[in-house]
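For reference, the chains in residue letters:
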Amino acid sequence: MRLVTMADESVDDSGVGSTAPADLRSVAENVQSNPRHLRRLLIMSDAAAIVFGVVLATVIQGVVKPAPRDVLWEQALLAAMLVPIWLLMMGANHLFLARAIARFGEEMRRIVVASMMSIGFLLAVSFLAQYGSLSRLWVGLLFVCVTISLMVSRLIARRVFTRLRTSGRIRRPVIIVGTGCEAISLLYATRNRPELGYEVLGFTGEQIGGGTEVDVLGSLDDTLDVVRSSGATGAILSVASLDPSVVNRLTRKLTDAGCHVALSSSLHDIDISRTRSQVFDGRLMIYVEPTNRSRTHLFLKRSFDLVIAGLVLVLTLPILAIAAVAIKLDSSGPVLFKQVRVGKDGVNFHIYKLRSMVQDAEALRGDLEALNESSGALFKIKSDPRITKVGRVLRKTSIDELPQLWNVLLGDMSVVGPRPALPLETEQWTPDLHERLRVLPGITGMWQVSGRSESDFELYRRLDLYYVDNWSLTHDIKILLKTFVVVVAGRGAH
């Protein structure tokens, strides 16, 4: 798309460009799949998962404690009735409404609630019908098996939908309301994150000068007409670009017309689980929970670090021994590489790694600055000539990082945390990036599992600050699990 002024197009009575809507509507039809068809497929998938869970629960019961034939007939009758009921309970928990289950954790929570409601319905029916012989074992297995089956089914569905959105096969065509800096950033956010499934058809608001490839399709007063004529399903209101009275007026006008409306927020990188909606004198407020860094939580994190680091270090000692021998046979120099890094509160410490480069690698860095493929303060070369043959294997498998477990035991690092930076890098940091020094650096973190060496400096900055602002032990466990997947797949390491 391109930035145009209304003078570049012929204008009809509504003030909307007359040539743009037809083109935009064809774009909208290409990117938007039939939501009813997708919903039917999802319902069919859930029904199959429920049936599978019921059969699995019955088979396990038959192995553990076989039930008499008359009891099996009663269970079969209840199970046949339970499938549509379970689907109804899922519908009551908005599990077929995409905007209600955008977060994976929220979707899983709703599945558990729907399962509890379904089992409650089953128990009520069995009580009223006087099915006194209903097996408690079967009921318990039913809850567990169907719930797990649905979770696995939805996890697969999420992956399929993400791929479809990324490929552009299912997208939600929208109009961005406002033309300020934040509105432009929203456009780039949708382009940088295609898996979110948005296709921006254009903007409404004041005309702006060139430099951004978007169409300004009309004024703010034309927004509803633009949404209707362009084929968009809704609008994203850039709150920072609009007057509060305009936000309220357009929100009411669009929602009354049946359009989907999303309001932007000036908050960045605040985990949604920390936010609560509140009403203050008729105003919608967003309350943000403070980050919990109490002594108890810090003690739990330190205990978590000691247990994980100690256990992994003991289990990987044979791997470390083999790697040490391979390093010595491959090139001259020490087995361990020691380097100064910046730790918590800006205190320097020595980080330990298995040497994966030639002995004089640091001295050669100046000659390779022109080959740097990263941005900002980061220095990364995909095919770094300083890396040895054994070093490439160590890096690909992340074995070279194992000695950092000793840093964790010493208290210089944590298992999970921001990437430990070089002193030279910190000299190039902006003031806000120094906030990451409030916590211990980690062996792994959000930056590492979100692309590792492939991530650029801006993503590195945002993810590290996100971690610091939203830390919790639950986040650490999730990152650790993602790290295992990333290391096994060998993604992003070089």
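Residues numbered from 1 in each chain as written. Predicted model: local features only at pLDDT ≥ 70, side-chain atom pairs only at ≥ 80, totals over all residues. Heavy atoms only, no water.

Novice: What's the story with the side chain of Arg 419 in this structure? I'm lost.
Specialist: Mapping Arg 419 onto the fold places it in the loop between strand E10 (414–416) and helix H14 (423–426). Its relative accessible area of 11% is what places Arg 419 among the buried residues. Engagement of the side chain of Arg 419 in a polar contact is seen with the side chain of Glu 425, the distance being 2.9 Å. (Helix = DSSP H or I, 4+ residues; strand = E, 2+ residues; numbered from the N terminus. Buried < 20%, exposed > 50% of the residue type's maximum accessible area, 1.4 Å probe, protein only. Polar contact = N/O pair within 3.5 Å; in protein donor to acceptor, adjacent residues only side chain to side chain.)

Novice: Would you mind going over helix H7 (residues 223–230) with me for this structure?
Specialist: The periodicity of an α-helix, 3.6 residues per turn, causes residues three or four positions apart to be oriented the same way. All buried positions along H7 are accounted for by Thr 223, Leu 224, Val 226, Val 227 and Ser 230. Projection of H7 onto a plane perpendicular to its axis shows the buried side chains occupying an angular sector of 165°, all on one side. With its phi angle positive at about 85°, Gly 231 sits one or two positions after the end of H7. (Arc of directions from axis to C-beta.)

Novice: Which parts of the structure should I look at to understand the packing of aromatic side chains?
Specialist: For any pair of aromatic rings, the description consists of the separation of the ring centres together with the inter-plane angle of the planes. Counted by the stated rule, this structure contains zero aromatic pairs. In this structure, Arg 172 packs its charged tip against the face of Tyr 198, placed 4.7 Å from the ring centre. (Phe/Tyr/Trp six-rings, centres within 6.5 Å; stacked < 30°, edge-to-face > 60°. Lys NZ or Arg CZ within 6 Å of the ring centre and 35° of its normal.)

Novice: Any chance you could explain the sheet that holds strand E4 (residues 234–237) here in plain terms?
Specialist: Adjacent strands of a sheet form backbone hydrogen bonds with each other and so pair up, either parallel or antiparallel. In space, the five strands of this open sheet follow the order E3-E2-E1-E4-E5, with parallel pairing throughout. For this open sheet the edge positions go to strand E3 (216–218) and strand E5 (260–263), each flanked by a neighbour on one side alone. Mean inter-strand twist for the sheet, computed between neighbouring axes without regard to direction, equals 35°. Bridge count for strand E1 (residues 172–177) against strand E2 (residues 198–204) is six bridges, and the pairing is parallel. Pairing of Ile 176 across the sheet is with Phe 203, part of E2. (Pairing = 2+ DSSP bridges. Axes fitted to C-alpha atoms, helices over the stretch in contact; angles between N-to-C directions.)

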